[in-house]
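# Commentary on secondary and tertiary structure
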Amino acid sequence: MDVRIEESWRVVLSEVFQKPYFKDLVTFVKSEYASQTVYPPGKLIFNAFDQCPLDQVKVVILGQDPYHGPGQAHGLSFSVRPGVPFPPSLLNIFKEIKSDLGIDMPPNGDLTRWAKQGVFLLNATLTVRAAQAGSHQKHGWEEFTDSVIHTISEKRSNVVFLLWGAYAGKKAELIDEKKHLILKAPHPSPLSAHRGFLGCKHFSKANAYLERNGIDPIKW
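Predicted model only: the values in this text are computed from it and were never measured. (Residues numbered from 1 in each chain as written. Predicted model: local features only at pLDDT ≥ 70, side-chain atom pairs only at ≥ 80, totals over all residues. Heavy atoms only, no water.)

### Focus: the overall build of the protein
Using the following cut-off: Helix and strand definitions here come from DSSP, where helices need a minimum of 4 consecutive H or I residues and strands a minimum of 2 consecutive E residues; each element is numbered from the N-terminal end. For the radius of gyration, the atoms used are the C-alpha atoms, and the globule rule reads 2.2 Å times the number of residues raised to 0.38. Burial here depends on accessible area, computed with a 1.4 Å probe over protein chains only, as a share of the maximum for the residue type. Under 20% is buried, over 50% is exposed, and the range in between is partly exposed. Should any heavy atoms of two residues lie within 4.5 Å, those residues are considered in contact. Computed with the Shrake-Rupley method and a 1.4 Å probe, the accessible areas treat only the protein chains shown as cover for residues.
A count of helical and extended segments in the protein gives nine helices and six strands. At 17 Å, the protein has a C-alpha radius of gyration in line with the 17 Å of a compact globule built from 220 residues. Its C-alpha atoms put the protein at 45 × 35 × 25 Å along the principal axes. Counting across all 220 residues of the protein, residues that qualify as buried make up 54%. For the protein, the proportion of contacts with a sequence separation of at least 24, taken over those separated by at least 6, is 65%. About 10,200 Å² of surface is accessible on the protein, with carbon and sulfur atoms providing 52% of the total.

Pasting the structure below:
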């Protein structure tokens, strides 16, 4: 199956794209876009991959679903387009960066600037119906993104995986912790951020690990 995705990812995922479950997923997603309002826009489903080729991945931040409000999701976990108000989880991420590194709140919530530096902003499910959180879960996306995480673990070394919340935390079993750094914390959602996300210092810890391994740190 021909999938429009950045070339380095297309090469390593080519076998995945031929699997029956992925073909079924494509059929489901196409029918949803044809009959429902679905986010992100179709051409941005694989934006995280297009902005951050496999050989440039330094940090992985795993989200669960795309945002399901109008104009928010653009294919990067936790990120919103310029001009869109910060969702609560993203606001807490920026608060933690301020506390951890002293970096002021940015003018917008577009995290493309992170992706361009090697932060792979992956959602476990890459599409969602408008106003229906979780509506595209259990249709094959999770199997696909699990294979992506495993591929990064296998093909790369010294990547930092930031796993926030119980759902993301379970993905640690896909990662070789002898080759990579896994950092876990509660989710940055207002429901749980106070339980340990705020104060986790993941951003400075990630940069310290990268620098110890001769890799340029991220300008958060």
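Text resumes after the structure shown.
### Comments concerning the nonpolar core
So the rule is basically this: Joining through side-chain atoms within 4.5 Å is the link that ties buried Ala, Val, Leu, Ile, Met, Phe, Trp, Tyr and Cys residues into a set, and such a set is a nonpolar core.
Grouped together as the largest cluster of nonpolar side chains are 69 residues, with contacts concentrated most on Phe49, Trp114, Phe120 and Phe144. With six residues, the top contributor of residues to this core is helix H3 (residues 20–35). Other than its neighbours up to four places away in sequence, Trp114 contacts Ile61, Ile93, Phe94, Ile97, Val119, Leu121, Phe203, Lys219 and Trp220.

### Remarks on the packing of aromatic side chains
For clarity, the cut-off: For this analysis, a ring pair means two rings from Phe, Tyr or Trp (six-membered ring only for Trp) whose centres lie within 6.5 Å, classed as stacked if their planes differ by under 30 degrees, edge-to-face if by over 60, and tilted for the remaining angles.
For the structure on display, the rule yields 20 aromatic pairs. Between Phe49 and Phe120 the ring centres are 5.1 Å apart and the planes differ by 80 degrees, which places this aromatic pair in the edge-to-face class. With a gap of 71 residues between them, Phe49 in helix H4 (residues 47–51) and Phe120 in strand E3 (residues 119–123) connect regions that are remote in the sequence. You'll find Phe49 and Phe120 in the same group, each marked buried. These aromatic residues form a ring-pair network of at least three members: Trp9, Phe17, Tyr21, Phe22, Phe46, Phe49, Phe120, Trp141 and Phe144.

### Concerning the UniProt feature "active site" (unreviewed entry) in the protein
Defined as follows: UniProt positions are given in the numbering used here, feature names are shortened, and annotations may be inferred rather than shown by experiment.
Those places that UniProt annotates as "active site" (unreviewed entry) correspond, in this numbering, to Asp65. Turning to its location among the elements, Asp65 is positioned in the loop between strand E2 (59–63) and helix H5 (88–101). Asp65 has contacts with Asn123, Thr125, Val128, Ala133, Gly134, Ser135 and Gln137, leaving out every residue within four places of it along the chain.

### What about the UniProt feature "domain: Uracil-DNA glycosylase-like" (unreviewed entry) in the protein?
The positions UniProt marks with the feature "domain: Uracil-DNA glycosylase-like" (unreviewed entry) are residues 50–210. The distance separating the terminal C-alpha atoms of residues 50–210 is 22 Å; by composition the span is 30% helix and 14% strand.

### Considerations on the pattern of salt bridges
We apply this condition: Whenever a carboxyl oxygen of Asp or Glu lies within 4 Å of a side-chain nitrogen of Lys or Arg, that contact is scored as a salt bridge.
The final tally for this structure, using the stated rule, is four salt bridges. A salt bridge links Arg129 to Glu32; the shortest N-O distance between them is 2.7 Å. Of this pair, Arg129 sits in strand E4 (residues 128–129) while Glu32 sits in helix H3, and the two are 97 residues apart along the sequence. On the basis of relative accessible area, Arg129 is assigned to the partly exposed category, the value being 23%. Residue classification places Glu32 among the buried residues on the basis of a relative accessible area of 6%.

### Let's talk about helix H7 (residues 141–155)
Put simply, the test is: One fewer than the residue count of a helix, multiplied by 1.5 Å, yields its expected span.
End to end, H7 covers 21 Å across 15 residues, agreeing with the expected 21 Å (1.5 Å per residue, within 8%). Turning to H7, its buried residues are Trp141, Glu142, Phe144, Thr145, Ser147, Val148, Ile149, Thr151, Ile152 and Ser153.

### As for unusual backbone geometry
Outside of glycine, negative phi angles account for most residues, and trans bonds account for most peptide bonds. The omega angle of the peptide bond from Tyr39 to Pro40 is -5 degrees, so this bond is cis rather than trans. Mapped onto the elements of the fold, Pro40 is located in the loop between strand E1 (38–39) and H4. Although it is not a glycine, Lys201 sits at a positive phi angle of roughly 60 degrees. With respect to the element layout, Lys201 can be found in the loop between strand E6 (181–185) and helix H9 (202–212).

### Topic: the packing of H3 against H7
Formally: Simply put, an axis is a line fit to the C-alpha atoms, just over the touching stretch for a helix, and the angle between two N-to-C directions goes from 0 to 180 degrees. Angle categories: roughly parallel below 35 degrees, roughly antiparallel above 145, roughly perpendicular from 65 to 115, and oblique for all the rest. Each crossing gets its handedness from the near helix: less than a right angle anticlockwise from the far helix is left-handed, clockwise is right-handed. Ten residues, namely Ala, Val, Leu, Ile, Met, Phe, Trp, Tyr, Cys and Pro, are considered nonpolar, four, namely Asp, Glu, Lys and Arg, are considered charged, and the remaining ones, Gly among them, are considered polar.
At a minimum axis distance of 9 Å, the contact between H3 and H7 shows a crossing angle of 125 degrees. With respect to H7, the axis of H3 lies oblique. The element H3 and its partner H7 pack so that their crossing is left-handed. Contacts from Tyr21, Phe22, Leu25 and Val29 of H3 reach H7 at Trp141, Glu143, Phe144 and Ser147. Among the residues making up the contact of H3 with H7, the classes are represented as six nonpolar, one polar and one charged.

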